[in-house]
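Descriptive analysis of the structure
Okay, here's what each chain looks like letter by letter:
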Amino acid sequence: MVSAAYSYLGSSTLDDGLTLQTSGGPAAYPRFFTGFLTDPGAAATGLLAVAEVARTRYFRPLPPASLDPVVTAGSDRLRFESFSGCCGVYARMDVLPAGLDGDIVAHGTTNVDVNLPLQRALTRVGRADPMHVAVGPDDLTVTTFDGELVERKVPLPSRWLRGFAEAQVLTARFDPRAEIGVAEARILLNRLPATDKSVLWAVPAGRSLRFTSRPTPGAVCLPGAGRLAALKPFLRYATRLAVHGPAVAAGSGPVASTWELSMPSLRLSLTLSPEPYRGFSGEGAVLDSLASDEAADDADLISALLSWDPTIDVDALAGASGLDARRVRDALTQLGTSGRVGYDVAEAGYFHRTLPYSADVVEKMNPRLAGARALVAAGAVTPGPEVSVVLSGTETYHVRDATSCTCPWWAKHRGDRGPCKHALAVRMVLAGETADQDAVEATA
């Protein structure tokens, strides 16, 4: 658990306008955006969906989690993001330029307090009702005898931060797989059972999609159809459904996918983890990028070059930094571990956000990475041309081709959730990383 103290002036409200209380940013209680939303009913429904995902545990349901969605103001849009309580569903609503009638006066990211009274108020917002949004109050109120500043400590699980990074890496590998009209989407989603936790595969069929139990080339994985329930209320506003996923072949295992409803002013998307019981935080997709010695230094350079453009141009960053595209992407992955970078499948580009966390907690949030570094530091890896030997505690493991391992982790997951710490340690050694004497003494 990673904790941060957030201060709120009060609860979010919906009176003549919607005021979302912020909890920090580049200045004390900044106003990132003030103005009207041009599609208020759709925006209210989308925000409710993001908040609903944040308070839901889809696998082994438990009482609702009290976690606040994250809102980011970029140069021309607002983004609302959340993870489910089980960290297996990533939700995002993008309010695009056509959806904003106002000014973004500052760039930044903050948590949003979507409390129960606000949720009730949002359900009453209609298509034509004016909806004014101020992300943050106009000024700072100091605690005096006449009143007090409302302070609330919000525990942000490390799983959320790991989830942001893992979702970014996984979705960056996605391609558009299908697009259907809203009429077909309504029929499709309404037919899905609300509690289904099986893994299905969606295959384009004419103007719609059909579901099969086995993957075929061009299919999109639907792991746990019940996890798409939050999209259904938005169907009355959307114009199309787009589905994104990685390339699969016959015999492929379950993979993540993104299901996105959109209209000209808004996009609402849900990204599903490869299986209902799996959270994004444990996928291990970021480990290879983080294992590189140069990734942290590159991240510092790329961080200085990031701007608040709607999308981050990898090629432009490569030209400005002098790094190749691979190192830029590894640096973006490093920044993603502290929540600073996300990926938008609709625009096939990265975007910038800022959370109040630093990258120095990366290894604490990735125990396999920390374990691999400890093995390298202790000199526990003996590399070989094909098979390397790793001494881990009292056990000896053999790693073939820096990939497969004789450890229980590999036997259980077979590489589906990233490398084990032994394979990762071998990759570090083969890449030239050597034991650090200080680290060796620290582990002695």
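So, a few notes on the structure that sits alongside this text. This is a predicted model, so every value here is computed, not measured.

Concerning the sheet that holds strand β23 (residues 395–400)
Here four strands make up an open sheet; going across it, the order is β21-β22-β23-β24 and the pairing antiparallel. Each edge of the sheet is formed by a strand with only one pairing partner; in this case those strands are β21 (381–382) and β24 (404–405). For β23 and β24, the ladder comprises two bridges, and the chain directions are antiparallel. Along β24, the bridge assignment pairs R400 with S404. With respect to the sheet, helix α12 (residues 421–430) is in contact with β21, β22 (387–392), β23 and β24, its orientation differing from that of β22 by roughly 120 degrees.

Overview of the sheet that holds strand β13 (residues 199–205)
Taken in spatial order, the three strands line up as β14-β13-β15 in an open sheet, and their pairing is antiparallel. Lying at the two open borders of the sheet, with one neighbouring strand each, are β14 (208–212) and β15 (220–223). In this sheet, adjacent strand axes meet at a mean angle of 35 degrees when their direction is disregarded. Relative to β15, β13 is paired through four bridges, and the arrangement is antiparallel. Residue pairing across strands places W201 opposite C221, the latter belonging to β15.

Concerning unusual backbone geometry
Residue C87 is not a glycine yet carries a positive backbone phi of 65 degrees. When you line up the elements, C87 lands in the loop between β6 (78–83) and β7 (89–95). In this structure, A348 takes a positive phi of about 50 degrees despite not being glycine.

A few points about the nonpolar core
With 59 residues, the main nonpolar core has L228, F234, W259 and L270 as its most contacted residues. Per-element tally for this core: the top contributor is helix α1 (residues 40–54), with nine residues. Apart from residues no more than four positions distant in its own chain, F234 is found in contact with A42, T45, G46, L261, M263, L266 and L268. In this structure, A256, L306, V328 and Y343 belong to the second largest nonpolar core, which totals 30 residues.

Looking at the pairing of strand β9 (residues 108–111)
Burial of β9 is two-sided: the residues G108 and T110 facing one way and the residues T109 and N111 facing the other way are all buried. Bridge count for strand β5 (residues 70–73) against β9 is four bridges, and the pairing is antiparallel. Bridge assignment links V70 to a residue of β9, and that residue is N111.

Points about α12
The complete set of buried residues in α12 reads H422, A423, L424, A425, V426 and M428. Positive phi appears at G432, one or two residues downstream of α12, with a value of about 110 degrees.

Examining the pattern of salt bridges
Summed over the entire model, instances satisfying the criterion amount to 19 salt bridges. Residues E260 and R267 are paired through a salt bridge, measuring 3.7 Å at the closest nitrogen-oxygen approach. Take E260: its relative accessible area is 1%, and that puts it in the buried class. Overall, R267 belongs to the buried group, its relative accessible area being 9%. The partner of R400 in a salt bridge is E386, with the nearest N and O atoms 3.8 Å apart. With R400 in strand β23 and E386 in the loop between β21 and β22, the pair connects residues that are 14 residues apart, well separated along the chain. Here R400 falls in the partly exposed class, since its relative accessible area comes to 43%. Among the ionic contacts, a cluster of salt bridges with common partners joins D76, R77, R79, R92, D94, E260, R267, D344 and E347.

Calculation rules
Residues numbered from 1 in each chain as written. Predicted model: local features only at pLDDT ≥ 70, side-chain atom pairs only at ≥ 80, totals over all residues. Heavy atoms only, no water. Pairing = 2+ DSSP bridges. Helix = DSSP H or I, 4+ residues; strand = E, 2+ residues; numbered from the N terminus. Contact = heavy atoms within 4.5 Å. Axes fitted to C-alpha atoms, helices over the stretch in contact; angles between N-to-C directions. Core = buried A, V, L, I, M, F, W, Y, C linked by side-chain atoms within 4.5 Å. Buried < 20%, exposed > 50% of the residue type's maximum accessible area, 1.4 Å probe, protein only. Salt bridge = Lys/Arg side-chain N within 4 Å of Asp/Glu carboxyl O.

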